[in-house]
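Below are the chains, spelled out letter by letter.
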Amino acid sequence: MNIARQANGFDVASARRRCLQFRRRILDISQNVTALHIAPAFSCLETVDLIYHGLMRKEGGRFQDTFIMSKGHGCMAQYVILESLGVLSADDLAKYCKPNGRLGAHPDYGVPGIAASTGSLGHGLSMAVGMAYAEKIKRTGGAVYAVLSDGEVQEGSTWEAFMMGSTLEANNLVAFIDNNDFQSLGRTSETHPSFYPLTDKFRAFGWETVELNGHDAAGLYEAVISREGEKPMAVICKTVKGRGVGYMENVPIWHYRAPNQQEYQKAIAELTEVRS
Amino acid sequence: MRNKFADTLYECGRENPLIAIVVADISPAGSMEKFRKEFPERFINVGVAEQSMIGICAGMALKGLQPFAYTIATFSLYRPFEFVRDDLGYQNLPVTVVGIGGGVVYSTLGGTHHCQEDIAIAGAIPNMSIIAPCDPAEAREATIYCASQRKGPIYLRLGKAGEPVLTDKAIDAWQFGKLRYLQRGRDVCILSYGIVMKKAFAVGEQLEKAGKSVSIASVHTMKPLDRLGIEAALKSHRQVVVIEEHAPQGGLAAQTKQIAWDVKASCDLKTFTLQDEFIHNYGSHDDLLAAHGLDATKIFQQLNL
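Residues numbered from 1 in each chain as written. Chains lettered and ligands numbered in written order. Predicted model: local features only at pLDDT ≥ 70, side-chain atom pairs only at ≥ 80, totals over all residues.

Counting its regular elements, chain A contains ten helices and nine strands. Taking 2.2 N^0.38 as the reference for a compact globule, 276 residues should give roughly 19 Å; the C-alpha atoms of chain A span a radius of gyration of 17 Å, in line with that estimate. In terms of principal-axis extent, the alpha carbons of chain A reach across some 50 × 45 × 35 Å. Residues counted as buried form 50% of the 276 residues belonging to chain A. Sequence separation of at least 24 residues holds for 75% of the intrachain contacts in chain A that already meet a minimum separation of 6. (Helix = DSSP H or I, 4+ residues; strand = E, 2+ residues; numbered from the N terminus. Rg over C-alpha atoms; globule rule 2.2 N^0.38 Å. Buried ≥ 20, exposed ≤ 12 C-beta atoms within 10 Å, placed from the backbone. Contact = placed C-beta atoms within 7 Å.)

Quick look at the overall build of chain B now. Helix and strand counts for chain B stand at twelve helices and twelve strands. In terms of overall dimensions, chain B is globule-like: its C-alpha atoms have a radius of gyration of 19 Å, near the 19 Å expected for 305 residues. Each principal axis of the C-alpha distribution contributes one length, and for chain B these read about 55 × 40 × 30 Å. Going through the 305 residues of chain B one by one, you find that 55% of them count as buried. Put simply, of all contacts in chain B between residues at least 6 apart along the chain, 75% involve residues at least 24 apart.

On to unusual backbone geometry, then. A negative phi angle characterises most non-glycine residues, just as the trans form characterises most peptide bonds. Cis geometry marks the peptide bond from A:Tyr196 to A:Pro197, where omega comes out at 5°. With respect to the helices, strands and loops of the structure, A:Pro197 is situated in the loop between α7 (188-191) and α8 (199-204). Omega for the bond connecting B:Lys223 with B:Pro224 falls within 30 degrees of zero, at -5°, which places this linkage in the cis form. By the secondary structure assignment, B:Pro224 is in the loop between β10 (221-223) and α9 (227-236). In this model, A:Asn250 sits at a positive phi of 60°, which is unusual for a non-glycine residue. With respect to the helices and strands, A:Asn250 occurs in the loop between β9 (233-238) and α10 (261-270). Since 16 C-beta atoms lie within 10 Å of it, A:Asn250 is described here as partly exposed. Although it is not a glycine, B:Asn92 sits at a positive phi angle of roughly 55°.

Residue and element names in this part refer to chain B. Splitting chain B by domain gives domain 1 (2-157) and domain 2 (180-301). For domain 1 versus domain 2, the separation of C-alpha centres amounts to 26 Å. Going through the elements one at a time, α6 (118-123), β5 (129-131) and α7 (136-148) are the ones with two or more residues in the side of domain 1 that touches domain 2. Of the residues belonging to the side of domain 1 that touches domain 2, the class tally is eleven nonpolar, nine polar and four charged. (Domains from an automatic or database assignment. Nonpolar A, V, L, I, M, F, W, Y, C, P; charged D, E, K, R; others polar.)

So, about the packing of helix α6 (residues 156-167) of chain A against helix α3 (residues 50-62) of chain B. Two elements in contact, α6(A) and α3(B), have axes whose closest approach is 8 Å; the angle formed by their N-to-C orientations is 70°. Judged by the inter-axis angle, α6(A) sits roughly perpendicular to α3(B). Helix-helix and strand crossings are classified by hand; for α6(A) and α3(B) the assignment is right-handed. On α3(B), the residues that touch A:Ser157, A:Glu160, A:Ala161 and A:Met164 of α6(A) are B:Gln51, B:Ser52, B:Gly55 and B:Ile56. (Axes fitted to C-alpha atoms, helices over the stretch in contact; angles between N-to-C directions. Parallel < 35°, antiparallel > 145°, perpendicular 65-115°, else oblique. Left-handed = near helix turned anticlockwise from the far one by under 90°.)

Our next topic: the sheet that holds strand β2 (residues 43-45) of chain B. Residues and elements named next belong to chain B. Here seven strands make up an open sheet; going across it, the order is β2-β1-β3-β4-β6-β5-β10 and the pairing mixed. Two strands bound the open sheet, and with one partner strand each, they are β2 and β10. Shown here is a sheet whose adjacent strand axes are inclined to one another by a mean of 20°, direction ignored. Strand direction decides the pairing type here: strand β3 (residues 66-72) and strand β4 (residues 96-100), joined by five bridges, are parallel. Paired with Tyr70 across the strands is Val98, a residue of β4. Running at roughly 140° to strand β1 (residues 19-23), helix α1 (residues 2-15) makes contact with β1, β3 and β4 of the sheet. (Pairing = 2+ DSSP bridges.)

Right, let's talk about the interface of chain A and chain B for a bit. Of the residues lining the interface, 23 residues belong to chain A; the matching set on chain B comes to 22 residues. At the level of secondary structure, the elements contributing two or more residues to the side of chain A that touches chain B comprise α5 (124-137) and α6 of chain A. At ten residues, α5(A) tops the list of elements feeding residues into the side of chain A that touches chain B. Its residues placed into classes, the side of chain A that touches chain B shows 14 nonpolar, six polar and three charged.

Let's shift gears to the sheet that holds strand β12 (residues 268-272) of chain B. Residues and elements named next belong to chain B. Overall, mixed pairing links the five strands, which are arranged β7-β9-β8-β11-β12 in an open sheet. Taken across any chain shown, the strands that pair with only one partner, and hence form the sheet edges, are β7 (180-183) and β12. When the angles between neighbouring strand axes are averaged without regard to direction, this sheet yields 25°. Here five bridges tie strand β8 (residues 188-192) to strand β9 (residues 214-218), and the two strands are oriented parallel to one another. Paired with Ile190 across the strands is Ile216, a residue of β9.

On to the nonpolar core. Within the largest apolar cluster, 173 residues are counted, with the highest numbers of intra-cluster contacts made by A:Ala128 and A:Val129. Examining the composition of this core, we find that eleven residues originate from one element, helix α2 (residues 38-55) of chain A, more than from any other. Two domains each donate at least three residues to this core, and these are domain 1 (2-157) and domain 2 (180-301) of chain B. The contact partners of A:Ala128, leaving out residues within four places of it in the chain, are A:Ile68, A:Val144, A:Ala146, A:Leu173, A:Ala175 and B:Gly59. (Core = buried A, V, L, I, M, F, W, Y, C linked by C-beta atoms within 7 Å.)

Bringing the confidence of the model for chain A into the picture now. For chain A, the average pLDDT comes to 94, and 96% of its residues sit at 70 or higher. In this model residues 1-7 of chain A is a low-confidence stretch, pLDDT under 50, and it forms 15 contacts with partners more than four residues away in sequence or in other chains. (pLDDT = per-residue confidence, 0-100.)

Time to look at the pairing of strand β8 (residues 208-213) of chain A. Residues and elements named next belong to chain A. One ladder, built from six bridges, connects β8 with β9; its direction is parallel. Paired with Leu212 across the two strands is Cys237, which belongs to β9. Once you follow β8 into helix α9 (residues 217-225) and on to β9, the crossover reads as right-handed. (Right-handed = clockwise from strand over helix to strand, strands pointing away.)

What follows deals with α6(A). Spanning twelve residues, α6(A) covers 17 Å between terminal C-alpha atoms, matching the ideal 16 Å at 1.5 Å per step. The complete set of buried residues in α6(A) reads A:Ser157, A:Thr158, A:Glu160, A:Ala161, A:Phe162, A:Met164 and A:Gly165. Contacts from the buried residues of α6(A) go to α5, β4 (144-149), β5 (173-179) and α8 of chain A together with α3 of chain B. Directly beyond the C-terminal end of α6(A), a positive phi value near 50° is found at A:Glu169. (Expected span 1.5 Å × (residues − 1).)

So, about the pairing of β3(B). Residues and elements named next belong to chain B. Most of β3 sits out of view: seven of its seven residues are buried. Relative to β3, β1 runs parallel, the two being bridged by five bridges. Residue Ile19 lies in a different strand from β3, and its bridge partner there is Gln66.

Have a look at this one:
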């Protein structure tokens, strides 16, 4: 089965406009609630947008495929996209992290559009493998897309899942690794110098693997739809943490910090065009 | 017990195409081979990778299947604990985590294979139910229940193999969430669960020889605990005895004491559990139980009749 050939068309110019808007929307939210992860959402935004707009198939208004945000702290990217799709409401986002709201800083199963609870790293890929396998034995034709962080790949459970994904021949599963080269205490490549890069390791585990610019949605789309499709696929997305706002890019504090009003204005002014 | 589990799961799997089993390099005998041959897609061996066993079960349950995760109790519950908590408990998914060899029945394998805190640990997770059958017949009832329900996760604590049938003369039928009397008397009530139930019968025999009329109840559902059933036992007997193959904290002994306080029970209450210590002895299951004081004669002698 080559799921990719069934994908929708994907207009890159529209995707760029959407992602600009999503970045602004996330910054708007940061002026109401400071508990959010901006930079991790900005690094995977093009990927998540591509999954929803280019890869997941819709029928009768419902998605036939599944998305898991395994790096749960990137969920602002997912929330604003779900809002734009009408799955979540503006009211939901207005109440983000508020006592009467239902959206928190990590995705929670049961909230519309959220397929699994994540936040603890290293869980999403195993669940994605289980989901993809269930879709196969139930003959639904459903595919599963997951976004992992590059730090998350340090979890042993992630490697168990890579092992199982190929053993179970889950070729209806695509895992995107948001390789922004940062984790809480520094660069991933400096935390474990011999562990990164990852491409050969995923290949050795039996995954069809590509490494691409994670902000180039056209390239990502092309790679996924033209995949061989015999194996599960890993897409290593080379990304920039905080992408789109110069002073946030590759600066660790923006993992969790919200901009003050002045910083917010500066960021918004910058968000007129994001280069790919 | 594990063969009865396998036979029953095979029957359930034939009826219900959503039943699947994910094992971690250990498989029950019995009909499991038949299950594997007839439903190869619904039998997964992850190998020695317990975290993915639980995560994959969660993913399958999120897509509507009813998976069983199966391996030795320490490896099905302790090794992937945070996966059991987050993936199964937090998301409230109908996955049965089967722990084979609950307690200290792997009596020659050392402390790494003893599971003496599992009821407390599994019981602390919201949404989690716990069933610990005392014999193969209860294991069958429990497996049927687990395969039929879609409410949430269950930790199913099983013994090993070759356990005697203890429930053939049971007064009450097996029902999830309700303790059942296996025999009914007036003076002393012994509450127990799991395969240490054999000690309850041995103590019961000695009590009867001493002229006492003895009830024995299987508290097979350890969560949600049958508080009303325990209250009734406390109020209808002069002495209640808990015999438990589990640490003193968080199991039946501790909870029965809490209930006794809550309902102002006036009966004598004595509890016998494993100690809050690891076991470095080897030998038979009985030898290990005895090392922590779970010996029928020793228990009988402490009942101050």
